[in-house]
Amino acid sequence: MAILKINPVEQVLLPVNVEARVCFVSISGIKGMNDILPGDVETWQFLENKAREIFKSYGFSEIRVPVVEKTELFCRSIGETTDIVEKEMYTFEDKSGNSLTLRPEGTAPVMRSYIEHKMYAQDPVAKLYYLGPMFRYERPQKGRYRQFHQIGAEVIGIEDPRIDAQVLAMLVHFFEDAGIRDVALQVNSLGCPECRPGYRKTLVDFLEARLDSLCEDCRRRYQTNPLRVLDCKAAGCKEATVDAPSVLDHLCRGCQDHFSQVQTYLGLLGTPFSINPRMVRGLDYYTKTTFEMVTGSLGSQNAVAAGGRYDGLISDLGGPSLPGIGFAMGLERLVLMKGEERIVPSRPHLFLAGLGEEASRQAFVLMSALQRRGVHAEMDLAGKSLKAQMRRAGKLGARFVLILGEEEISRGVAQLKDMDAGSQEEVRLDGLVETLVRQFSLEG
Ligand code: HAM
């Protein structure tokens, strides 16, 4: 019987006779950070392409910003007392002692870039979209990860409520076109620096009278970030805030008017929505319109997309006083929602099976010529038997198999087998590339 020994690296029991291999123990990925594998990646690509296609028709251009920024950018924009800044950021010092952070979201970096490149000098109006990884040190669970991906869109420089409605209509358009159902748009208004302080004070007073029922977290933050209490999942907090004052009853004239126009335009565009006055967002930069696309099918991670207006953010970050509005969708959540409706990887158009050395050589050259013309062609390069090659073609799901034998080659022909129909016909090698390109409708 093998004697077992603890491997200090992996803390697993290994037989002593495999000790020599301990240094080759496989290294796993980081908790909450996932690989996106072939078979899944097709759904990601479908959603990314769909977003690009739709955003383009609304006049958005892509912007790419680094995944690392100065920590201060996120503290100043997202807010010091938010969960993201307090607990969830991947912050580290670089070798020069600068505090850097892996971006937990995309809006602040995009605004930083807009300001830094003085994009407003040419045209204060900018419509930008981005996609890429974001990082938050949250407790991983289904739909919540530490590296996750967002597709986001931002409009800078337009205050008119029609743009709020248009951004929301674009978001809904994306969900419809991407075939993601079971989502509903909820909207709210969080007011502005004129009316929010009054509401905040009313809410703090309300919470103060119920402190005993609040969870520890909320007792700590009810003064610094009282709106978050409305979003707390603890049963006691939920119960204590059932009759909390509504932000919508405390909006100033301007915010009321803006919110009512947003609703009118959403109606005109035929975009269905409901109002959720208890919706608060986990980032401090929001003013006026906020919104979420929520679903019932992802448990507690029910926001598939979220966003809102941030009219003070650009000036808070040292830029001109310009309004902004945008959203971000969580790609992992979108992929989960596509569920069974996954995009299947494309099947090879053709598998080339060669019998003998000369036939294999010709098949190899033919495969390359076909690939250059956009035909998805495959062949076996391990010199296997015809039977094994046919098995491989079946495994790959090839639509057709082209069988090249020595005798056929000498006659300038090959056998083309239709794998779905099971039929087989003799085809001329001369002009075969053209015929196949036409057959697979890749040109013209
Ligand atoms: P957010 O609500 O923090 O907003 O995130 C937007 C979306 O990202 C969420 O609705 C969710 O789908 C996804 N998401 C967030 N955290 C995770 C996570 N840990 N794992 C998986 N998915 C996640 C923002 O980030 C704002 N920048 C949105 C915005 C753009 N507002 C204005 N412009």
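Residues numbered from 1 in each chain as written. Predicted model: local features only at pLDDT ≥ 70, side-chain atom pairs only at ≥ 80, totals over all residues. Heavy atoms only, no water.

Colleague: Honestly, the side chain of Glu 154 in this entry has me stumped. Any pointers?
Modeller: Note that Glu 154 resides in strand β8 (residues 147–156). Within the buried set, Glu 154 has no salt-bridge partner at all; the shortest N-O distance to an opposite charge, 9.6 Å, is to Arg 281. A polar atom in the side chain of Glu 154 sits 2.9 Å from the side chain of Thr 107. Ignoring anything within four residues of it in the chain, the contact list for Glu 154 reads Phe 60, Thr 107, Val 110, Met 111, Ala 126, Lys 127, Leu 128, Tyr 130, Tyr 310, Ile 325, Gly 326 and Phe 327. (Helix = DSSP H or I, 4+ residues; strand = E, 2+ residues; numbered from the N terminus. Buried < 20%, exposed > 50% of the residue type's maximum accessible area, 1.4 Å probe, protein only. Lys, Arg positive; Asp, Glu negative; His and termini not counted. Salt bridge = Lys/Arg side-chain N within 4 Å of Asp/Glu carboxyl O. Polar contact = N/O pair within 3.5 Å; in protein donor to acceptor, adjacent residues only side chain to side chain. Contact = heavy atoms within 4.5 Å.)

Colleague: Any chance you could explain the site of the ligand here in plain terms?
Modeller: In the vicinity of the ligand there are 27 residues, among which Glu 105, Glu 138, Glu 154, Arg 281 and Tyr 286 approach most closely. In this structure, Glu 138 approaches the ligand through a side-chain N or O atom, which is 2.7 Å from a nitrogen atom. Residue Tyr 285 places a side-chain N or O atom 3.0 Å away from a nitrogen atom belonging to the ligand. Taking 660 Å² as the accessible area of the ligand by itself, protein coverage stands at 96%. Mapped by element, the contributors of at least two residues to the shell around the ligand are β8, β12 (303–309) and β13 (324–330). Per element, the largest residue contribution to the shell around the ligand is six residues, and it comes from β12. For the shell around the ligand, the class distribution of residues is 13 nonpolar, seven polar and seven charged. (Near = heavy atom within 4 Å. Areas by Shrake-Rupley, 256 points an atom, 1.4 Å probe, with all protein chains shown as cover. Nonpolar A, V, L, I, M, F, W, Y, C, P; charged D, E, K, R; others polar.)

Colleague: Can you walk me through the confidence of the model for the protein chain in this structure?
Modeller: Parts of the model with low pLDDT should not have their predicted coordinates read in detail. Residues of the protein chain with pLDDT of at least 70 account for 94%, and the chain-wide mean is 92. Here residues 1–14 is modelled with pLDDT under 50, and outside its nearest four sequence neighbours on either side it reaches 22 contacts, counting other chains as well. (pLDDT = per-residue confidence, 0-100.)

Colleague: Is there a simple way to explain the environment of Thr 435 in this structure?
Modeller: Looking at where Thr 435 falls in the secondary structure, it is placed in helix α17 (residues 432–439). Judged by its relative accessible area of 36%, Thr 435 falls in the partly exposed class. Between the C-alpha atoms of Thr 435 and Thr 295, which are 140 residues apart in sequence, the distance is 48 Å.

Colleague: Could you clarify how one ought to interpret helix α11 (residues 253–268) in this entry?
Modeller: Residues separated by three or four positions in an α-helix point in the same direction, a consequence of the helix having 3.6 residues per turn. Taking 1.5 Å of rise per residue, the 16 residues of α11 would be expected to cover 22 Å, and the 23 Å separating its terminal C-alpha atoms lies within 8% of that figure. Listed as buried for α11 are Cys 255, His 258, Phe 259, Val 262 and Leu 266. Burial along α11 is one-sided: seen end-on, the buried residues are contained in an arc of 95°. Of the exposed residues in α11, those oriented more than 90 degrees away from the buried face are Arg 253, Gly 267 and Leu 268. As for α11, its buried residues are in contact with α6 (161–177), β9 (183–189), β10 (274–275), β11 (287–295) and β12. Residue Gly 270 follows α11 closely and has a positive phi angle near 70°. (Expected span 1.5 Å × (residues − 1). Arc of directions from axis to C-beta.)

Colleague: Is there a simple way to think about a nonpolar patch on the surface in this case?
Modeller: Judged by side-chain polarity, Phe 364, Val 365 and Leu 381 come together as a nonpolar surface patch covering roughly 330 Å² of accessible area. Among the secondary structure elements, Val 365 is positioned in helix α14 (residues 357–372). Residue classification places Val 365 among the exposed positions, given a relative accessible area of 54%. (Patch = residues over 30% accessible without salt bridge, like charges linked within 9 Å, V, L, I, M, F, W, Y side chains within 5 Å.)

Colleague: How should the pattern of salt bridges be read in this particular structure?
Modeller: Side-chain pairing between opposite charges can occur once the charged atoms of the two side chains come close. Applying the stated criterion across every chain yields a total of 25 salt bridges. Between Glu 62 and Arg 64 there is a salt bridge, with the nearest N and O atoms lying 2.9 Å from each other. Close ionic contact of Lys 87 with Asp 83 constitutes a salt bridge, the shortest N to O distance being 3.8 Å. With Lys 87 and Asp 83 both in helix α3 (residues 83–88) and four residues apart, this pair spans about one turn of that helix.

Colleague: For this particular structure, what's the right way to read the packing of helix α1 (residues 41–57) against α6?
Modeller: Interhelical geometry of α1 versus α6 gives an angle of 140° and a closest axis separation of 10 Å. By the angle between their directions, the pair α1 and α6 is classed as oblique. For the pair α1 and α6, the crossing hand works out as right-handed. Of α6, the residues touching α1 (which contributes Phe 46, Leu 47, Lys 50, Ala 51, Ile 54 and Phe 55) are Met 170, His 173, Phe 174 and Asp 177. A per-class count over the contact of α1 with α6 returns seven nonpolar, one polar and two charged. (Axes fitted to C-alpha atoms, helices over the stretch in contact; angles between N-to-C directions. Parallel < 35°, antiparallel > 145°, perpendicular 65-115°, else oblique. Left-handed = near helix turned anticlockwise from the far one by under 90°.)

Colleague: Would you mind going over the sheet that holds strand β6 (residues 99–102) with me for this structure?
Modeller: Whenever strands of a sheet pair, they do so through backbone hydrogen bonds, lying parallel or antiparallel. Read across the open sheet, the three strands follow the order β4-β6-β5; overall the sheet is antiparallel. The two strands at the open ends of the sheet, each matched to only one other strand, are β4 (68–70) and β5 (90–93). Neighbour-to-neighbour, the strand axes of the sheet open up by a mean angle of 35°, direction not taken into account. In this sheet, β6 lies alongside β4 in antiparallel orientation, the contact comprising three bridges. The residue of β6 that forms the bridge with Val 68 is Leu 102. In the packing of helix α2 (residues 71–78) onto the sheet, the strands contacted are β4, β5 and β6, and the crossing angle to β4 comes to about 75°. (Pairing = 2+ DSSP bridges.)

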